[in-house]
Amino acid sequence: MPPALADIRNTVGNIPLEWYEDFPHIGYDLDGKRIYKPLRSRDELDHFLDKMDDPDYWRTVQDKMTGQDVRLTDEQVALVQRLQKGQFGDASYDPYEPAVDFFSGSMMIHPVTNRPADKRSFIPSLIEKEKVSRMVHAIKMGWIQPRRPRDLTPQYYDLWAQEDPSAILGRHKMHVPAPKLALPGHAESYNPPPEYLLSEEERLAWEQQEPSERKLNFLPQQFRCLRAVPAYGRFIHERFERCLDLYLCPRQRKMRVNVDPEDLIPKLPKPRDLQPFPTVQSLVYQGHSDLVRCFSVSPSGHWLASGSDDHSVRLWEVNTGRCLKTIPVSGVVKSIAWNPNPAICLIAVAVAESVLLLNPGLGDLSATSSTDQLLSAFSPPEEPARQPVEWQEASAEEHGHGLRLRICHNKPVKQVAWHGRGDYLASVVAAAEHTQVLMHQLSRRRSQSPFRRSHGQVQCVAFHPSRPFLFVASQRSLRLYHLLRQELTKKLMPNCKWVSSLAVHPQGDNVICGSYDSKLIWFDLDLSTKPYKVLRHHKKALRAVAFHPRYPLFASGSDDGSVIVCHGMVYNDLLQNPLLVPVKVLKGHTMHRDLGVLDVSFHPTQPWLFSSGADGTLRLFT
Amino acid sequence: MGGLEKKKYERGSATNYITRNKARKKLQLSLADFRRLCILKGIYPHEPKHKKKVNKGSTAARTFYLLKDIKFLLHEPIVNKFRDYKVFVRKLRKAYGKSEWNTVERLKDNKPVYKLDHIIKERYPTFIDALRDLDDALSMCFLFSTFPRTGKCHVQTIQLCRRLTVEFLNYIITSRALRKVFLSIKGIYYQAEVLGQPVVWITPYAFSHNHPTDVDYRVMATFTEFYTTLLGFVNFRLYQTLNLQYPPKLEGPKDKDGDDEAYAMDSESSLEKLSALSASLARVMVPVTEEEAEMDEFPADGENAEQEEGLRKEREAQDRHKRLFEGLKFFLNREVPREALAFIIRSFGGDVSWDRSLCIGATYDEKEPSITHQIVDRPLQPTPVIGRCYVQPQWVFDSVNGRLRLPVEDYFPGVLLPPHLSPFVTEKEGDYVPPEKLKLLALQRGETPGNATESEEEESEEDEGEGGDEEEEEEDEEGSEKEDEAKLKVMEEQRTLGKKPQVTMGTLDKRRQLPQEEENEAKRLAIMTMRKREKYLYDKIMYGKRRKVREANKLAQKRKAHDEAVKAEKKKKKKAQA
């Protein structure tokens, strides 16, 4: 190797050579001249040629420090090959040469070291001697004593020697002392009286109950003698449960309701002081073979007209209970109403799709004849107006039965109601549109439908007794219309599910309505549109309500077969609210097809009450 | 407006309560330690009135403690002991692991212990408070004293419980404080009146327990730890009030019982002899006169005279009750529960003994001629000794509850016992009263037991037992049967008549009933007008009343049916015999 070449070495020290990557030189020589890297302008072709030509190409590597190509010697190649195989680098190293123990496990007769033992190992330690002597001295003096076993038996003394009842340490007003366990009763005895033993069914029921629901937490048993009593299996359990209750159970102070139940009952005026009112059933009008849906008392109070599901209208004499007349009709009688005008003797009957006007021909002859005259005096106008219904004269045969006029609707009629003066008649039709309520004028044989819009299905209607108002009860509300001004005056909210019936107080300021959810709702029109009082006296749906025209009484009939008469006093003094007191529960009607009382009404002058029921009878209570 | 914004749940009841987990964190205790602390200090959860408010709007189920309670726990010195104990356990485990036995020994010697004296004083500031809360303590200690000496808890605890309960029983005997006893199927209930406070406890029957697996004995042990401390202090104080030595010692010279030394070691024999309950206790100083302080006579006012009279009578009755068994000598057969009976008899002034081989402390032999009652629980007695009554153990219990020595005839061995009634039931008006109770009340009033049916029954019973003058009885029976038939005939006639449509005007009757009926109807009407909420309450009260009546009726009916069945059975037997 030429010396110039051999002299080339790395002069830059141990720095990353990338720093010199972009320079042609690498470091400086002693003279401060640059040491140039060998030219590296060889391309792939040169490499290839070298590979082909040079037999040592495979053992030539580039020295990164100097940039020179170095040819590896044979030893170096062998080292690389050994390392590649995972062998030791040093060829002369033998990892498997036999091991030679320096110390064997076997005891030898001669010591390894031949050093004689120290003198101090034969002489007692002075420091230790001093320590021991000090301990001995302490023991002698009684300073050190043997460890006494601890006395674990608890010591008791008079803990409450100085007791101070006012010192309530750590207790506050919220402290609730634990309740004591209930003391055992007769049933827990080992030999209880025989009535406390459970019968077979009771025992089975006891076993099927949840342990927490049982009234007794043990089965009462009887043993012949004390010797036969076994151990109680749940003794430990019960003590444990008590422990759990004591420390886990949340405690709360509860005030027990200690009320005399008699004090809860409101103090009402005695019914005896509120007489007269009907108290006993005095007459039964028998004759109908099916439900008596409706009836009406004549304004004089002598006659009674009843309509039934057996397709007939019967006329009764009130005082005797005699059936005077039976008028067959073409269908179920839904509603019946006697004309309130005492000078006219006329009954409106709602049958199927028509309203029949009957002249029963009872009582005062002049009244009956004047009625016929009134009806026949009608002369049809020259130019017949378009009407929602058709007025028909009765045929001769029907005339014999008493039928005078027939108002034909095109839908089934549910209810008829007369105006107080007896000239106007309202009928409720089971239709979905606005033509549910129709007004008929008897003298002019004219009909009209007063409403433009419907507010749900109309249940019933009633005229105000003295002023031109019409009450219309739909399912959930009660509307009061002014007939002359033709406007809505009031809307009353009864807060019930379904209104069934309606009655107006004779003075006109109070209304009651019954509902199918067994409520009777009293409205005071002067007070508010909300109910003044809701009475839940009946157990089942109310079918009918009625006011007495003279006496302060009202009554309600229900599906539970009873009629409840209440005293409902309305005071003229506006400051005093009406006084409502139930005075009598009248029972008499028997239940039939889950229906009891279907209609109630008072006698116009006497404190008598009529009721009709599903058992096909009418009853008079006086 | 200004002012600070009011935040929810930062005032009012929400700040008075703390949940259990929060309390635990505040006290820095593990759940087990917290539980133990709560048991010892008597802290219990509270049910807040408005749970949702306290729970910060959530409805999750949580246990609430009063914040004041928890703050009160913060200052408890025992909490530090708990921590010390934790450290001790850690060190001990380490020493065991390293097999350093010296260290283990040393640590064990210095095991941290705590005392509960201050807690007792704190929870029961006065002695009466402690007496009021003694029921659970006694029941628990009696239970623990019957546990086997191995297994469930420390032997020391069991021995301590035994010692304390025996001490307590001895106190009751000496002070004659026992009032009521009841043999229930669960165990034996006792009621004593200690310084005017009724104390009730229950002891199990003397059988080995089969220990349930679903019971946490650690909780019970913690309670017992507290209860033993309480009972110890209470016993000390009670002994002091009676001028007795504490720890108790038996009366009489010591050298007398030389023969008992073979029975047990000296240390144990004293407790054993004490637990025999047959000897009286030594007093600190012998009282000069045994007489109790006489109540001073106060000049009675007109109003109070009756009350005073009643009180005086009550006191006299109680005195008589206390001396119920005085002068009687009992001998217990080996099949009867010795401890219970010895306790009861001794606490009413009787003398009691048993077979020498049965237990230590027997004072006289079976052959002793002065024995008046021998308590037997077997049907047959081979050679009865003349001059003493053989009775079943129930006689003692019923006599104590009845406050008088009942006639022994019903309690002879082998006889069907009369029912054993609970003395804890006081029948109010309208409750069902078993006929036996009525009989007992009549006896207490001093009447002879005797409405007709009962005497008849007794006669017939005697009849069965002896088989004596049967014919007479038969005739009697026949006579009564004839009468019965006649009665039946009349009844039947009435029945048949009743079915015929008869018009009977009960005008007089009606007039009498009318106001009543009117009243009833007015009430019914008034009930109709009640408001919904009041009606609900009223209905609930009335339902409860009606249920009570129904239950009483049911019991009465059952009793009637049972009696009839028994009678029919008897008749059949008689017929079979004839």
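Because the structure is a prediction, the values reported are computed rather than measured.

Examining the UniProt feature "repeat: WD" (unreviewed entry) in chain A
Step number 1: Feature annotation in UniProt assigns "repeat: WD" (unreviewed entry) to the following positions: residues 285–326 and 535–565 of chain A.
Step number 2: When the span residues 535–565 of chain A is considered, its composition is 0% helix and 55% strand, and the gap between its end C-alpha atoms is 12 Å.

Some remarks on the pattern of salt bridges
Step number 1: As enumerated under the stated definition, the model contains 48 salt bridges over all chains in all.
Step number 2: Linking A:Glu130 and A:Arg134 is a salt bridge whose minimum nitrogen-to-oxygen distance equals 4.0 Å. Note that A:Glu130 and A:Arg134 are positioned in helix H4 (residues 126–141) at a spacing of four residues, about one turn of the helix. Taken individually, A:Glu130 and A:Arg134 each receive the classification exposed, so the pair is uniform in this respect.
Step number 3: For B:Asp563, the salt bridge goes to B:Arg559, with nearest N and O atoms at 3.5 Å. Within this pair, B:Asp563 and its partner B:Arg559 are both found in helix H20 (residues 532–577), separated by four residues, close to a single helical turn.
Step number 4: The buried category is assigned to B:Arg559, whose relative accessible area is 11%.
Step number 5: Within this structure, A:Glu195, B:Glu436, B:Arg559 and B:Asp563 form a network of salt bridges that share partners.

Things to note about the sheet that holds strand E9 (residues 389–391) of chain B
All names here are of chain B.
Step number 1: Spatially, four strands are ordered E7-E6-E8-E9 in an open sheet, and the strand pairing comes out parallel. Pairing within the sheet leaves two strands with one partner each, and these edge strands are strand E7 (351–354) and E9. Strand-to-strand twist of the sheet, defined as the mean angle between neighbouring strand axes without regard to direction, takes the value 25°.
Step number 2: Sheet topology places strand E8 (residues 373–375) next to E9; three bridges connect them, and they run parallel. The residue of E9 that forms the bridge with His 373 is Cys 389.
Step number 3: Sheet strands in contact with helix H14 (residues 338–347) are strand E6 (329–332), E7 and E8, and its direction is about 160° off that of E7.

Brief notes about the interface of chain A and chain B
Step number 1: With 85 residues of chain A in contact, the opposing surface of chain B contributes 118 residues.
Step number 2: In total, about 8,900 Å² of surface goes out of reach between chain A and chain B, with carbon and sulfur atoms giving 63% of it.
Step number 3: The largest share of the area that chain A buries against chain B comes from A:Tyr156, A:Trp160 and A:Tyr247, three residues that together contribute 10% of it.
Step number 4: Applying the counting criterion to the chain A and chain B interface returns twelve salt bridges.
Step number 5: Where B:Lys523 meets A:Glu262, a salt bridge forms, and the shortest distance between an N and an O atom there is 3.3 Å.
Step number 6: Our count for the chain A to chain B interface comes out at 39 residue pairs in polar contact (both at pLDDT 80 or more).
Step number 7: Elements with a minimum of two residues in the side of chain A that touches chain B: helix H6 (235–248), helix H7 (261–264) and strand E30 (579–587) of chain A.

What about the packing of helix H9 (residues 134–145) of chain B against helix H10 (residues 155–175) of chain B?
Helix packing for two helices is described by the angle between their axes and how far apart those axes are.
All names here are of chain B.
Step number 1: H10 packs onto H9 with a crossing angle of 125° between their chain directions and a minimal axis gap of 8 Å. Taken together, the axes of H9 and H10 lie oblique to each other. Judged by the sense of rotation from one axis to the other, the crossing of H9 with H10 is left-handed. Within the contact between the two elements, H9 uses Leu 134, Leu 138, Cys 141, Phe 142, Phe 144 and Ser 145 and H10 uses Thr 157, Ile 158, Cys 161, Arg 162, Thr 165, Phe 168 and Leu 169.
Step number 2: Within the contact of H9 with H10, the residues separate by chemical class into nine nonpolar, three polar and one charged.

Overview of the packing of aromatic side chains
Step number 1: Counted by the stated rule, this structure contains 40 aromatic pairs over all chains.
Step number 2: An angle of 75° between the planes, with centres 5.3 Å apart, marks the rings of B:Tyr190 and B:Phe343 as edge-to-face. Here B:Phe343 lies in helix H14 and B:Tyr190 lies in strand E4 (residues 188–194), a separation of 153 residues in the sequence.
Step number 3: A relative accessible area of 3% means that B:Tyr190 is categorised as buried.
Step number 4: Linked through ring pairs, A:Tyr247, B:Tyr124, B:Phe223, B:Phe226 and B:Tyr227 together constitute an aromatic cluster.
Step number 5: Above the plane of the ring of B:Tyr364 lies B:Lys329, whose end atom (NZ or CZ) is 4.4 Å from the centre.

What about the sheet that holds strand E23 (residues 499–504) of chain A?
Residue and element names in this part refer to chain A.
Step number 1: Spatial ordering of the open sheet is given by E23-E24-E25-E26, a layout of four strands whose pairing is antiparallel. Of all the strands in the sheet, the pair left with one neighbour each is E23 and strand E26 (533–535). The mean angle between the axes of side-by-side strands here comes to 20°, regardless of whether they run parallel or antiparallel.
Step number 2: Note that strand E25 (residues 520–524) and E26 share three bridges and pair antiparallel. In the sheet register, Trp 522 faces E26, and the bridge partner there is Lys 533.

Overview of the pairing of strand E12 (residues 354–358) of chain A
Residues and elements named next belong to chain A.
Step number 1: Counted residue by residue, E12 has five buried out of five residues, so it is predominantly covered.
Step number 2: In E12, alternate side chains face the same way, and those of Ser 354, Leu 356 and Leu 358 on one face and Val 355 and Leu 357 on the other are all buried.
Step number 3: Bridge count for E12 against strand E14 (residues 403–408) is five bridges, and the pairing is antiparallel. The residue bridging Ser 354 from the neighbouring strand is Cys 408, located in E14.

What counts and how
Residues numbered from 1 in each chain as written. Chains lettered and ligands numbered in written order. Predicted model: local features only at pLDDT ≥ 70, side-chain atom pairs only at ≥ 80, totals over all residues. Heavy atoms only, no water. UniProt positions renumbered as here; feature names shortened; annotations may be inferred. Helix = DSSP H or I, 4+ residues; strand = E, 2+ residues; numbered from the N terminus. Salt bridge = Lys/Arg side-chain N within 4 Å of Asp/Glu carboxyl O. Buried < 20%, exposed > 50% of the residue type's maximum accessible area, 1.4 Å probe, protein only. Pairing = 2+ DSSP bridges. Axes fitted to C-alpha atoms, helices over the stretch in contact; angles between N-to-C directions. Contact = heavy atoms within 4.5 Å. Buried area = accessible area lost by both parts, 1.4 Å probe. Polar contact = N/O pair within 3.5 Å; in protein donor to acceptor, adjacent residues only side chain to side chain. Parallel < 35°, antiparallel > 145°, perpendicular 65-115°, else oblique. Left-handed = near helix turned anticlockwise from the far one by under 90°. Nonpolar A, V, L, I, M, F, W, Y, C, P; charged D, E, K, R; others polar. Phe/Tyr/Trp six-rings, centres within 6.5 Å; stacked < 30°, edge-to-face > 60°. Lys NZ or Arg CZ within 6 Å of the ring centre and 35° of its normal.

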